[in-house]
Structure formats: C-alpha cells, structure tokens
Amino acid sequence: SVNSFLEGCVVGNIAPRANIVVRKSFTTEFNLSHFGMGDQLGTLFGKCLAELPTIRDLNLRDNRLTDESLSVIVRAIRKR
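Remember, predicted model here, so these are calculated numbers, not experimental data. (Residues numbered from 1 in each chain as written. Predicted model: local features only at pLDDT ≥ 70, side-chain atom pairs only at ≥ 80, totals over all residues. Heavy atoms only, no water.)

Colleague: Can you help me understand the environment of Ile55 in this one?
Modeller: If you trace the backbone, Ile55 turns up in the loop between helix H2 (39–48) and strand E2 (57–59). By relative accessible area, which is 4% here, Ile55 ends up buried. With near-sequence residues (within four places) excluded, Ile55 lies in contact with Thr28, Phe30, Phe45, Leu49 and Arg80. (Helix = DSSP H or I, 4+ residues; strand = E, 2+ residues; numbered from the N terminus. Buried < 20%, exposed > 50% of the residue type's maximum accessible area, 1.4 Å probe, protein only. Contact = heavy atoms within 4.5 Å.)

Colleague: I tried to follow helix H3 (residues 67–79) on my own but got confused; where do I start?
Modeller: In an α-helix there are 3.6 residues to a turn, and that puts residues three or four apart on one side. Under the 1.5 Å per step criterion, the end-to-end length of H3 is 18 Å for 13 residues, consistent within 8% with the ideal 18 Å. Taken as a whole, H3 has its buried residues at Ser69, Val72, Ile73 and Ala76. The arc enclosing the buried residues of H3, seen along the axis, measures out at 95°, which places them on a common side. Structural note: H3 exposes Asp67 and Arg78 on the side pointing more than 90 degrees away from its buried face. Buried residues in H3 make contact with H2 and E2. (Expected span 1.5 Å × (residues − 1). Arc of directions from axis to C-beta.)

Colleague: Explanation requested: helix H1 (residues 2–11) in the structure shown.
Modeller: Listing the buried residues of H1 in full gives Phe5, Gly8 and Cys9. Projected down its long axis, H1 carries its buried residues within an arc of 100°, all on one side. Those residues of H1 that are exposed and aimed more than 90 degrees away from the buried face are Asn3, Glu7, Val10 and Val11. Buried residues in H1 make contact with H2. Directly after H1, the chain includes Asn13, whose backbone phi takes a positive value near 55°.

Functional significance is not addressed by these values, which are geometric in nature.
Here's what the structure looks like:
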C-alpha cells in the first residue's frame, strides 16, 4: 500500500517517491520506466507489490535495478 511504501522510505532514509505507487487515475498499468529507481526503491516497491492488486502490466525498463531488487519483485509477482 501507499502507507507501507512511504513508511519504508522513512525507515530506510530513502527520498520518498510517492508517484511510484500513487496513481492519478485508475489504471492496471504501472509504467515506471526511466524513473532512475535503484535497488533500495526497487526492493521496497517489490515488498509493497502484493498490496497493489490492480497492477496487471509493469514496465521497469531503464532503471538501475539489479538481481537484488528484481528477485524481490519477481517473487512478489509469482505470489499473486
């Protein structure tokens, strides 16, 4: 959820990027390409992904994600 994500940002001392999980309109697509997201934000997003049930399409192209955060995201997707 948004609250979990923002709480994780505060706890992890990460600059909050609420636009990663907050949508201006209902959509099943999350286009997070070119966000400059690194492993810290990617891991945090992955941990909150289960609480965002409306996501059907996820674009993470051109970020700074490595196996560390991508594995968290993939596990969250598999659990859905």
